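# Coordinates in review
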Amino acid sequence: MPFAEAASPSGNSAGASHAAGLDREFAATILFCGFLLVYLFYFLLTTTEAGVRLGIYLSLMQNPSIYWAYWTGSADGSIHLFDRWPIVAGVTFHLLIALGMGRFVFRLISQWLTPPDQIPSANRYTTLEKTLLQLGVGLSLLSTGTLLAGMLQLYHWKIACLLPAVGLAVAGWISPGTSLAAPGDDVPSETRSQAPANWQKWLWLAGIPFGLFILLGSMISPWEFDVREYHLQVPKEWFQGGGVQFLPNNVYGNMPLGTEMHALFAMLFSFGPSDWWWGAHIGKTISGLFSILSSGLLFAIGCRWKDAYFGGAAAVIYLCTPWVTANSIVGYNEGAMGFYLLAGLLVISCLNLRSKPLGHHVKEETGHWKGAFVLLGIFVGSAIACKYTAVLFVALPIALLIAGLLRTRAIPLQPGIRISGFFLLGILLIAGPWLLKNLIWIGNPVYPLLESVFQSHQTPLQIQQWNLAHAANSQAWTAGHLQSSLLSLLVTYKWLNPLVFPLMVMALVIARKEKWLMIMIGWVGFSFVAWWLLTHRLERFLLPVFPLACLVAAFGLTWTRHPAWIVVATSVLLTGVGSNLWISTSRLVGDVRVLANLEHLDLRYQRSRDYEHPDIVPLSAATQYVAWINENQPAAKVLLLGECRPFTAQFEVIYNTCFDTCETFCRLNGKTPAQAQADLKAEGITHLLVNWSELERLSNTYGYQVSDTAGSPDYPQLIRTSLPFLQKLELTELDQKSTDRCELFAVRGPAVTGD
């Protein structure tokens, strides 16, 4: 918003004031350029985990042909895309079901709480807004419904799980008037402003390459540790077990897994012996799509707050960030949490926040808020269903916004409580089943948190081990650690977008004039403080709040229409998008074989060979022993020690994470060889796979070796005492090529006599 808008009515005075305003804007532009140059100097010369950033840029630009090898995963550069048609078909079906369910829910809310004729024109949703919100509601209900079906142990009866979802979706598609407002309603004219140039209305097109890459990258077979340990492993276990169960061997499997339930639902509508495999790929793709949907919400929010230029800027800044690409193609759940945060922000934006009190028209004016507050609660509950941290980063800030809204509109206590009740109802509908599940099965609704408060399932040493790995470290509350955290998030983190921080600083020029900008700055600041004081400061915990930082940056990009600033802003944006494209599509963000043969990406069948190109070594080489068993012993039942990423196993496994009681320790410790052998044979265990490298890493990182809880202080001795009935398999070629030190033992058949 230009400073010159406050000019006096007088012609000369207006001209002088206008000139002064232009001078100030020009001076601010020059200062920004200087600040940007200093920031980029430090940004490019910073040493990240991958090396000096400037050297990385130069290396990638000097060897652009390597990208084709990156993307195709082979030296010959052959392209394979058609083999992904089952994933594309499954994702399309999944989204159509979710959108139909969302339309049905909107219809229910409009009939029950908010008839369309009661909605002020300023509060009605545009077509884009309705579509995104309906899709968000549908995805949330689809996830929650899949959980409830699992709690009833219905997964073996696929049709019983699919019919209700399909029925609701069909009802949503065929019923008329399935929204909270009439289709095609536009944002009120007073919220718009004319974009500086026509081409800038189409700024969002710059995000298409990033969105396409995220889509293709999300279809890649899961390779990251956490994804194969629990994000997709837990849905696989529940699906194959016939229902949702408490998992004493996987502590992460008892947390909210709202995003991961999309993989489970996809397993239910997939068929054949690889139904769980295709379902996992579809679910992983849905997880990646949440980031693309978030960019759509940023555009919609920007159009409602200002104009298409502002919305497109926020969407592009978000999508072109390597951090977003890396998180999306891996299969994490932060993207979904950020989507629901933005959906809640859009609902609040549509409430037409003003400082004008309602006076004597409280009942009439707030009648349409009931449906909006239910939606708002659904989105907050959906974020909590993704991850516990949503309570801090989503629920609490939105609750404060609601309190501020009720206060500024001078709503009396009783109506305010009644309206807030609809908000809480929405939260309980979605987050409640996850908390109830743990409360019934374990006695702790937020397991494994607050184990010292609720009835504990873990031993004191396990609780201590978990807290040391995940809780905030009060010893690190020093100025030096604070400086280190700020530098990481602003300069040194390997996947940063160099556009964001300088534009956020520029936004401070107009901070006092933009109400939403002040709210966004406060939300981001609060999230950082909460992250630094109450978590173990893993950077990706802040990723759900990152879209808010992109909105702040968009304010900085569009703060004035001065010609000098337009030139600078356009140059900075195009340069930043171009440079980010080099990083976001390279191996720096993970496995980017987006054009490779899907069978080559299938870790179930990956042999003990590497690709010919030295830069295309599979990222999951540690699973080669699992692949060998898949190929040679598919009927085996394997006890895993150290290895806790069994997702690609097609055989039966017994495993545990480093925060759970060691399954191997329980079966071998304190027993004679004859007793241990008899117990293993009684369970049908045929092999023991030991990953010594993982044992060492988990011991050094998470204190894994705790004799009476999560491990044994001397695993080699434990194995040696069992050697009379354990036969080591000599897999010389595999041992030479594996990046991990592993040993595979077969459990001998004949009983051992004596001790």
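Structure report, in brief. As the structure is a prediction and not an experimental result, all values here were calculated from the model.

### Some points on the overall build of the chain
A count of helices and strands for the chain gives 31 helices and 7 strands. Relative to its 755 residues, the chain shows a buried fraction of 59%. For the chain, the proportion of contacts with a sequence separation of at least 24, taken over those separated by at least 6, is 79%. For the chain, the exposed surface amounts to about 30,000 Å²; the carbon and sulfur share of it is 64%.

### A look at the nonpolar core
With 218 residues, the main nonpolar core has Trp 238, Leu 345, Met 520 and Leu 551 as its most contacted residues. Those residues in contact with Met 520 that sit more than four places away from it in its chain are Trp 305, Leu 345, Leu 548, Leu 551 and Val 552. Judged by nonpolar contacts, the second largest core, of 18 residues, contains Tyr 625, Val 638, Tyr 655 and Ala 746.

### Side note on the packing of helix H5 (residues 127-151) against helix H16 (residues 369-386)
One way to put it is that H5 packs onto H16 with a least axis distance of 10 Å and a crossing angle of 55°. Considered as vectors, H5 and H16 are oriented oblique to each other. The two elements H5 and H16 meet at a crossing, and its hand is left-handed. Contacts from Leu 133, Gly 136, Val 137 and Ser 140 of H5 reach H16 at Leu 375, Ile 378, Phe 379 and Ser 382. Its residues assigned to classes, the contact of H5 with H16 shows 5 nonpolar, 3 polar and no charged.

### Overview of the packing of helix H14 (residues 334-349) against helix H22 (residues 515-534)
Interaxial distance between H14 and H22 falls to 14 Å at its minimum, and their mutual angle equals 150°. Put simply, H14 runs roughly antiparallel to H22. Note on packing geometry: the crossing formed by H14 with H22 is right-handed. Taking contact as the criterion, the partners of Leu 341, Leu 345, Ile 348 and Ser 349 in H14 are, on H22, Trp 516, Met 520 and Trp 523. Considering only residue class, the contact of H14 with H22 consists of 6 nonpolar, 1 polar and no charged.

### Side note on the sheet that holds strand E5 (residues 687-691)
One open sheet accounts for 5 strands, arranged E4-E3-E5-E7-E6; its pairing is mixed. Because the sheet does not close on itself, it has two edges, and the strands there are strand E4 (652-654) and strand E6 (726-728). With direction set aside, neighbouring strand axes in the sheet form an average angle of 30°. Here 5 bridges tie E5 to strand E7 (residues 742-747), and the two strands are oriented antiparallel to one another. Among the inter-strand pairings, Leu 689 is bridged to a residue of E7, identified as Leu 744. In the packing of helix H29 (residues 692-702) onto the sheet, the strands contacted are strand E3 (637-641), E5 and E7, and the crossing angle to E5 comes to about 50°.

### Quick look at the pattern of salt bridges
Opposite charge on two side chains permits pairing when their charged atoms draw close. Under the definition given, this model contains 16 salt bridges. The partner of Lys 158 in a salt bridge is Asp 275, with the nearest N and O atoms 3.1 Å apart. With Lys 158 in helix H6 (residues 158-174) and Asp 275 in helix H11 (residues 275-305), the pair connects residues that are 117 residues apart, well separated along the chain. A salt bridge links Asp 679 to Lys 671; the nearest nitrogen and oxygen atoms lie 2.7 Å apart. Judged by its relative accessible area of 33%, Asp 679 falls in the partly exposed class. By sharing partners, the salt bridges in this structure join Asp 226, Glu 334, Lys 387 and Arg 540 into a single network.

### Points about the environment of Trp 157
Relative to the assigned elements, Trp 157 resides in the loop between H5 and H6. Separated by 111 residues in sequence, Trp 157 and Leu 268 have C-alpha atoms that sit 8.9 Å apart.

### A word on the packing of aromatic side chains
One pass over the full model with this rule turns up 36 aromatic pairs. Between Phe 339 and Tyr 340 the ring centres are 5.3 Å apart and the planes differ by 70°, which places this aromatic pair in the edge-to-face class. The two residues Phe 339 and Tyr 340 agree in class, both being buried. With centroids separated by 5.8 Å and ring planes inclined at 65°, the aromatic side chains of Trp 559 and Trp 565 adopt a geometry described as edge-to-face. Taking the relative accessible area as the measure of exposure, Trp 559 reaches 0% and is therefore buried.

### Overview of the side chain of Glu 539
Within the fold, Glu 539 resides in the loop between H22 and helix H23 (546-557). Among buried Asp, Glu, Lys and Arg side chains, Glu 539 stands out as unpaired, with Arg 540 the closest opposite charge at 8.2 Å. The contacts of Glu 539, once residues within four sequence positions are left out, are Trp 323, Ser 488, Leu 489, Tyr 493 and Trp 531.

### What to know about the pairing of E3
The buried count for E3 comes to 5 of 5 residues, which makes it a mostly enclosed element. With burial as the criterion, each face of E3 is covered, one bearing Lys 637, Leu 639 and Leu 641 and the other bearing Val 638 and Leu 640. Two elements, E3 and E4, share 3 bridges in a ladder whose sense is parallel. In the strand pairing of E4, Lys 637 is matched with Glu 652. One ladder, built from 4 bridges, connects E3 with E5; its direction is parallel. Counted as the bridge partner of Leu 640 is Leu 689 from E5.

### Section: the pairing of E5
Among the 5 residues in E5, 5 count as buried, and that is most of the element. The two faces of E5 match: His 687, Leu 689 and Asn 691 on one face and Leu 688 and Val 690 on the other face are all buried.

### Digging into unusual backbone geometry
Residues Tyr 447 and Pro 448 are joined by a peptide bond in cis, for which omega reads 5°. Summarising the element assignment, Pro 448 is placed in the loop between helix H18 (413-441) and helix H19 (460-470). Its identity as a non-glycine residue notwithstanding, Leu 450 has a phi of 55°, on the positive side. Structurally, Leu 450 is set in the loop between H18 and H19. Residue classification places Leu 450 among the partly exposed residues on the basis of a relative accessible area of 49%. A positive phi angle is found at Arg 537, which is not glycine, with a value near 65°.

What counts, and at which threshold
Residues numbered from 1 in each chain as written. Predicted model: local features only at pLDDT ≥ 70, side-chain atom pairs only at ≥ 80, totals over all residues. Heavy atoms only, no water. Helix = DSSP H or I, 4+ residues; strand = E, 2+ residues; numbered from the N terminus. Buried < 20%, exposed > 50% of the residue type's maximum accessible area, 1.4 Å probe, protein only. Contact = heavy atoms within 4.5 Å. Areas by Shrake-Rupley, 256 points an atom, 1.4 Å probe, with all protein chains shown as cover. Core = buried A, V, L, I, M, F, W, Y, C linked by side-chain atoms within 4.5 Å. Axes fitted to C-alpha atoms, helices over the stretch in contact; angles between N-to-C directions. Parallel < 35°, antiparallel > 145°, perpendicular 65-115°, else oblique. Left-handed = near helix turned anticlockwise from the far one by under 90°. Nonpolar A, V, L, I, M, F, W, Y, C, P; charged D, E, K, R; others polar. Pairing = 2+ DSSP bridges. Salt bridge = Lys/Arg side-chain N within 4 Å of Asp/Glu carboxyl O. Phe/Tyr/Trp six-rings, centres within 6.5 Å; stacked < 30°, edge-to-face > 60°. Lys, Arg positive; Asp, Glu negative; His and termini not counted.

The quantities given are spatial measurements derived from coordinates; they are silent on function.
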